[in-house]
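# Examination of the molecular architecture
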Amino acid sequence: MALALASLAPGLALAPATASEDEPVTFTVAYLNEVDSFNPFLGIEASSFEMWSLMYDSLTGYAMEDMQPTPALASEWETSEDGLTWTFTIRDDATWSDGEPLTAQDVLYTYERIRDGGPERATWGVYLKGVESVTAPDDTTVVLQLEEPSALLPLLPIPIVPEHVWSDVSDDDMRSYGNEPTGGEPVVGSGPFRLVEGTAGGSTYRLEVNPDYWGGAPHIDEVVVRVFKSEDPAIQALVTGEVDFVEGINALQVQSLEGRDGISAQMGDSPGFDEIAFNTGSIDTDTGEPLGDPNPAVLDPAFRWALNFAIDRDQIIETAYQGAGQAGDTIIPPAYAGFRWEPPEEDAATYDPERAAQLLDEAGYTVGDDGFRTLPNGDPIGKLRLYARSDSQTSVDVIELFSEWLADLDIDSEVRAFESSKLTDIIYEGTFDAFEWGWYVEPDPSSMLSYMTCDERGNWSDSWYCNEEYDTLFEQQRIEQDDAAREEQVQQMQEILYYDAPYLVTAYSTVGEAWRSDRFACLRQQPDPGGVYLIQYGVHNYVNMRPAAEADECAGEEGTTQLSQEAGGEGGVSTAFLVGGGVVLVGLLAVGGVVAMRRRGTVGDRE
Amino acid sequence: MTELPAPTRVRRRSYRRYAAGKALGALGSLGFMLVVNFFLFRVLPGDPARTLGRGRFTTQEQLEEFNATYGLDQSLPQQFVTYVQNTLTGDLGISLRYRVPVSDLIIDRMWPTLLLVGTSTLLAAVIGIWMGVNSGWRRGSRFDRGATGSSLTLYSMPEWWLGLLLIYLLAVGPGPLPGLFPTGGLHSPDVDPSSPAGVLDVAWHLTLPVLTLTLAYLADYALIMRSSLLDEIGEDYVTTARAKGLRDVQVRNRHAVRNALLPTTTVVALSIGFVVTGAITVETVFSIPGLGLLATEALTVPDYWVLQGTLLVSTAAVIFANLAANLVYGLLDPRVRT
């Protein structure tokens, strides 16, 4: 009782937390994943990348429209004729938050640290691969000397850290260096915000504005991150106004929030895809001998290609994705229009079971006496093993639909769901025929394209795909200096994949977001239009958002959404809870009643 | 009354020998756990570098660098030797996911759990025993029916669901009612939890999760207390006490309850052992960064060192709680020393 009374007091005091003139403006965002490390050389989670981008700068940033490289700490750059020397000019007005100037020496120090190996290279090494030397001839110039031309540059999202702070961190300490505020001192950085409170894996982090930020001080005073371990409480916190932004929620939750007073919600396009992947030939990478036991049918490109028309992608979006997603076809999502290849109309990824059956017949997979299709040599195909991830309902739903469509084509299959880590083991053992998973595609397609090369078998390749023509193109585009030529090569690679069908891309994913549009305005989507408002590449929105009262100050800015406030009635969430509450009450009464009835009979027996 | 024991009496050990025996047994279990601990988690499917690095470590080089940094490239026997050496010197390793020493992580996460589960266990035990005594003493009364019925209902409700319901009723506030408590978290972001205002703030944040757990645990204690008190009521000594002319309350508190408390002590002692393992579902619903959540999330990586560390701490807690219960039992009831 005392606890309850004592705890009421601060609750009442904090409840009317409306912003007044001199009160700091705090943007509170709910994350569903905690920051795994504030050390930009160690963390892996997307939320950690978001924090580092708030705390540090990198040489180049990402454009809002299409996520192509834009100037950041490097105000400009030039390439030598042979493409082997890249000269970056570093801004001279950037300072560290402890007052020290940020110079080319800090960039040199950061890059050398990565090139020296250790966890630094594990996290960022891919961006400096093939770099022969890094030099800083003066305080505003950094020169990268390459062994061979690189198509990845000028993309350099590596956070630059202050040499005068990090030179004290030995290689051995780096393994567990948290880079967290100590003794009330914020972490020294150069970004728009400074970390003043937070520990890796903790539940709240606080960043205060860096008034001296070279890009102009943000219009809010504080960013507070609260980690929620499940979605519903995070949504309730948005409804009560405890948080201003929630991301990573599902389509049903977005629907329930739409139309609530002061809240806006959307499904934003996220540059990723989900696919049904086949075992196209698992081998022991040391000996080259076959590994595992893939069904001969899935090893045949013609068989896989036929199944491309057995998938009703519209139904997948409708039932497995609750309408939130786009039907997919190739591994580069529409967000990256330049690199993307569109299948020709006659071969578009449409649902056409008759064509699928015809293609199967032509490839020799005819229906046998028992009513099931056989292999071209007449042997039965048997049961195809289709695996899903048990931690994703979408994955399970898609694989079950796929199994039904296979049955329509007279192909027998069994569905099983495994934990992601267990499924990974199965994939490396080659003991599967098909599974459902997805990838997130970065603005530069190199990583995604590399997963389908022969060298990645036994490493990141999960379809065991290997095609020499594809690999040759991959090597070409990696060093191609002409953007148009590279785009064409990347498109050719998608074409090869599309017809070889190691993956049948099912959907391009979306991410649900909801926010207090009555409190904050001037947010912009990435990619613009159609994209997400937070967890973007770069921290444009944290820097440019304004309190809702100042919304007209950004009204003219290109691409900025003036977030509308829709009036509306009760949302679905509260209805669900009311129904739930009613059920409990009825249940309680019923149980209480039964107990009372049974007890009544024994009252008289006592003593 | 039973017959007196046969002449061949079992000789009772001295309490000191009894205690030493129990302590040695506890140490043995601890040593056994130390070994099992290592191999148990290596059997888990998955590879930490691949799970964590999916889509991040895009080259083979990056994977190898990660494994070399955190000792995952060593052979299993070599890793076991390192593990035993490190554990004996108090070094629990570095978390693969959070990249901080596991001992720091466990200490950080232990306080929220102790506060949450400890408070709830204590409240549930006190309230539950009180309810059990009153229900059992007046069996069939209106109080008994109400208390038993509602505690059973609460017991059967999933904890996460009860938590969500309380969030809706008391944190969001249905219709015109105001929300009184926060929806989750351990404390407000700008409050120092060690200041007086911070303590209040933490209490305010913990009210709903503690309430949820207390309600869920209540039935354990209430029902055991009720039934063991019912057993005692029928005993002759209670009749004797009544015959002596003692008042009802005296009979209950001095005689019946004292004897009925023994089984409840066992339950309380066991629950105290499980305090450090946390309450995974409630920690999830209320986003409280506790040990239970830490361990379950470590399973998906699998973050070997965090799993080993948390299992070691929680088994040690259960073993010590059991030892304590055995030692107290030896004092309360000399018969167990045989």
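Residues numbered from 1 in each chain as written. Chains lettered and ligands numbered in written order. Predicted model: local features only at pLDDT ≥ 70, side-chain atom pairs only at ≥ 80, totals over all residues. Heavy atoms only, no water.

Looking only at helices and strands, one finds 18 helices and 19 strands in chain A. Partitioning the intrachain contacts of chain A with sequence separation of at least 6 by distance along the chain shows that 69% fall at a separation of at least 24. Summing over all exposed atoms, chain A offers an accessible surface of approximately 24400 Å²; the carbon and sulfur share of this is 48%. (Helix = DSSP H or I, 4+ residues; strand = E, 2+ residues; numbered from the N terminus. Contact = heavy atoms within 4.5 Å. Areas by Shrake-Rupley, 256 points an atom, 1.4 Å probe, with all protein chains shown as cover.)

All names here are of chain A. Compared with the 16 Å implied by 1.5 Å per residue over twelve residues, the 16 Å span of helix 3 (residues 104–115) between its first and last C-alpha is a close match. With nine of twelve residues buried, helix 3 is to be regarded as a mostly interior element. Looking at the packing, one finds that the buried side of helix 3 touches strand 5 (85–90), helix 4 (119–124), strand 6 (131–138), strand 7 (141–146), helix 5 (163–166) and helix 6 (171–174). Positive phi shows up at Gly 117, right after helix 3, with a value of about 105°. (Expected span 1.5 Å × (residues − 1). Buried < 20%, exposed > 50% of the residue type's maximum accessible area, 1.4 Å probe, protein only.)

All names here are of chain A. Spanning twelve residues, helix 15 (residues 468–479) covers 17 Å between terminal C-alpha atoms, matching the ideal 16 Å at 1.5 Å per step. The set of residues buried in helix 15 consists of Tyr 470, Asp 471, Leu 473, Phe 474 and Gln 477. The arc that holds the buried residues of helix 15, viewed along the axis, is 160°, so those residues lie on one side. On its buried face, helix 15 sits against helix 14 (446–450) and helix 16 (483–500). At the N-terminal end of helix 15, a side-chain oxygen is found 2.9 Å from the backbone nitrogen of Glu 469, two or three residues along, and the residue is Asn 467. (Arc of directions from axis to C-beta. Polar contact = N/O pair within 3.5 Å; in protein donor to acceptor, adjacent residues only side chain to side chain.)

Our next topic: the pairing of strand 14 (residues 384–389) of chain A. Residue and element names in this part refer to chain A. Counted residue by residue, strand 14 has six buried out of six residues, so it is predominantly covered. Here strand 14 shows no split at all, with Leu 384, Leu 386 and Ala 388 on one side and Arg 385, Tyr 387 and Arg 389 on the other all buried. After leaving strand 14, the chain enters helix 12 (residues 393–408) and then returns to the sheet as strand 15 (residues 413–418), a path that is right-handed. (Right-handed = clockwise from strand over helix to strand, strands pointing away.)

Often, the extent of an interface is quoted as the loss of accessible area upon association of its parts. Counting residues at the interface gives 71 residues for chain B, matched by 81 residues for chain A. In total, about 6600 Å² of surface goes out of reach between chain B and chain A, with carbon and sulfur atoms giving 60% of it. Seen at the junction of chain B and chain A, the total is four salt bridges. A salt bridge links Arg97(B) to Glu34(A); its shortest N-O distance comes to 2.7 Å. When contributions to the side of chain B that touches chain A are tallied by element, the ones reaching two or more residues are helix 2 (48–53), helix 3 (60–69), helix 5 (102–137), helix 6 (142–156), helix 7 (159–172), helix 8 (196–233), helix 11 (280–285) and helix 12 (291–300) of chain B. (Buried area = accessible area lost by both parts, 1.4 Å probe. Salt bridge = Lys/Arg side-chain N within 4 Å of Asp/Glu carboxyl O.)

To continue, consider the sheet that holds strand 5 of chain A. Within a beta sheet, neighbouring strands are joined by backbone hydrogen bonds and run either parallel or antiparallel to one another. Residue and element names in this part refer to chain A. Taken in spatial order, the four strands line up as 4-5-7-6 in an open sheet, and their pairing is antiparallel. With one partner strand each, in any of the chains shown, strand 4 (74–79) and strand 6 form the two edges of the open sheet. Across this sheet, the average inter-strand angle for adjacent strands is 20°, counted without regard to direction. Where strand 6 and strand 7 come together, five bridges link them in antiparallel fashion. Opposite Ser 133, over in strand 7, you have Gln 145 as the bridge partner. (Pairing = 2+ DSSP bridges. Axes fitted to C-alpha atoms, helices over the stretch in contact; angles between N-to-C directions.)

Residue and element names in this part refer to chain A. In terms of nonpolar packing, the biggest core is built from 142 residues, with Tyr 111, Leu 144, Leu 156 and Ile 331 touching the most fellow members. In terms of residue count, helix 3 provides more of this core than any other element does, six residues in total. In this structure, Ile 331 is in contact with Phe 273, Val 441, Met 448, Leu 449, Met 452, Gln 494, Leu 497, Tyr 503 and Val 505, ignoring residues within four places of it in sequence. By size, the runner-up hydrophobic cluster in this structure holds 41 residues, among which are Phe 303, Ala 310, Ile 381 and Leu 384. (Core = buried A, V, L, I, M, F, W, Y, C linked by side-chain atoms within 4.5 Å.)

So, on to the packing of aromatic side chains. Tallying each qualifying case throughout the model produces 39 aromatic pairs over all chains. A ring pair is formed by Phe27(A) and Phe245(A), whose centres lie 6.3 Å apart and whose planes are at 65°; its orientation type is edge-to-face. Placement of the pair is Phe27(A) in strand 1 (residues 26–31) and Phe245(A) in strand 11 (residues 245–249), with a sequence separation of 218 residues. Accessibility expressed as a relative area gives 1% for Phe27(A), which makes it buried. Among the residues examined, Phe245(A) registers a relative accessible area of 0% and is labelled buried. An aromatic cluster is defined as three or more aromatic residues linked by ring pairs; in this entry it consists of Phe27(A), Phe245(A), Trp515(A), Phe520(A), Tyr533(A) and Tyr542(A). Across the ring face of Trp305(B), the terminal group of Arg42(B) is positioned such that the distance to the ring centre comes to 5.3 Å. (Phe/Tyr/Trp six-rings, centres within 6.5 Å; stacked < 30°, edge-to-face > 60°. Lys NZ or Arg CZ within 6 Å of the ring centre and 35° of its normal.)

Residue and element names in this part refer to chain B. Together, Leu 122, Leu 123, Val 126, Ile 127 and Trp 130 make up an exposed nonpolar region whose accessible area comes to about 500 Å². The topology assignment puts Leu 123 in helix 5. Take Leu 123: its relative accessible area is 34%, and that puts it in the partly exposed class. (Patch = residues over 30% accessible without salt bridge, like charges linked within 9 Å, V, L, I, M, F, W, Y side chains within 5 Å.)

The next subject is the environment of Tyr31(A). Residue and element names in this part refer to chain A. In this fold, Tyr 31 is placed in strand 1. Judged by relative accessible area, Tyr 31 falls into the buried class, the value being 1%. When the C-alpha atoms of Tyr 31 and Thr 141 are compared, they prove to be 38 Å apart, with 110 residues separating the residues in sequence. For Tyr 31, the contacting residues outside a window of four places in its chain are Ser 47, Glu 50, Met 51, Val 225, Arg 226, Val 227, Phe 228, Ile 535 and Tyr 542.

Before going further, it helps to spend a moment on the pattern of salt bridges. Residue and element names in this part refer to chain A. One pass over the full model with this rule turns up 34 salt bridges over all chains. With a shortest N-O distance of 2.9 Å, Glu 34 and Lys 229 are connected by a salt bridge. One end of the pair, Glu 34, is in the loop between strand 1 and helix 2 (46–55); the other, Lys 229, is in the loop between strand 10 (222–227) and helix 7 (231–240), with 195 residues separating them in the sequence. The same class applies to Glu 34 and to Lys 229, which are both buried. Between Asp 329 and Arg 340 there is a salt bridge, with the nearest N and O atoms lying 3.0 Å from each other.

Here the focus is the state of the cysteines. What is meant by a disulfide is a covalent connection between two cysteines, made through their sulfur atoms. All names here are of chain A. On inspection of all chains with the given rule, the structure shows one disulfide over all chains. Covalently, Cys 454 is tied to Cys 466 through a disulfide, its sulfur atoms 1.9 Å apart. Sign of the S-S torsion, about 90° for the bond between Cys 454 and Cys 466, identifies this disulfide as right-handed. Of the two residues, Cys 454 is situated in the loop between helix 14 and helix 15 and Cys 466 in the loop between helix 14 and helix 15; the sequence distance between them amounts to twelve residues. Since its relative accessible area comes to 37%, Cys 466 is described here as partly exposed. (Disulfide = S-S within 2.5 Å.)

So, about the pairing of strand 15 of chain A. Two strands pair when backbone bridges link them, and strand 14 of chain A and strand 15 of chain A are joined in this way by six bridges, in the parallel orientation. Looking at strand 15 of chain A, one finds that Tyr387(A) is bridged to Arg416(A).

All names here are of chain B. Between helix 5 and helix 8, the least distance of the axes is 5 Å, while the angle of their chain directions is 35°. In the crossing of helix 5 with helix 8, the sense of the turn from one axis to the other is right-handed. In the contact of helix 5 with helix 8, the residues fall into 24 nonpolar, eight polar and one charged. (Left-handed = near helix turned anticlockwise from the far one by under 90°. Nonpolar A, V, L, I, M, F, W, Y, C, P; charged D, E, K, R; others polar.)

As a further point, take unusual backbone geometry. Peptide bonds are, in most cases, trans, and in most cases residues other than glycine have a negative phi. Cis geometry is adopted by the peptide bond preceding Pro527(A), which originates at Gln526(A) and carries an omega value of -5°. By the secondary structure assignment, Pro527(A) is in the loop between strand 18 (520–521) and helix 17 (540–544). Of the consecutive residues Val301(B) and Pro302(B), the connecting peptide bond is found in the cis state with omega at -15°. By the secondary structure assignment, Pro302(B) is in the loop between helix 12 and helix 13 (304–332). The residue Trp464(A) is not glycine, and still its phi comes out positive at about 60°. Its place among the elements puts Trp464(A) in the loop between helix 14 and helix 15.

Residues and elements named next belong to chain A. Across chain A, pLDDT averages 86, with 88% of residues at or above 70. Confidence, read as mean pLDDT per element, is least for helix 1 (residues 2–14) in chain A (38) and greatest for helix 9 (residues 301–307) (96). Contacts from residues 562–580, a stretch scored under 50 in pLDDT, to residues over four places away or in other chains number 36 contacts. (pLDDT = per-residue confidence, 0-100.)

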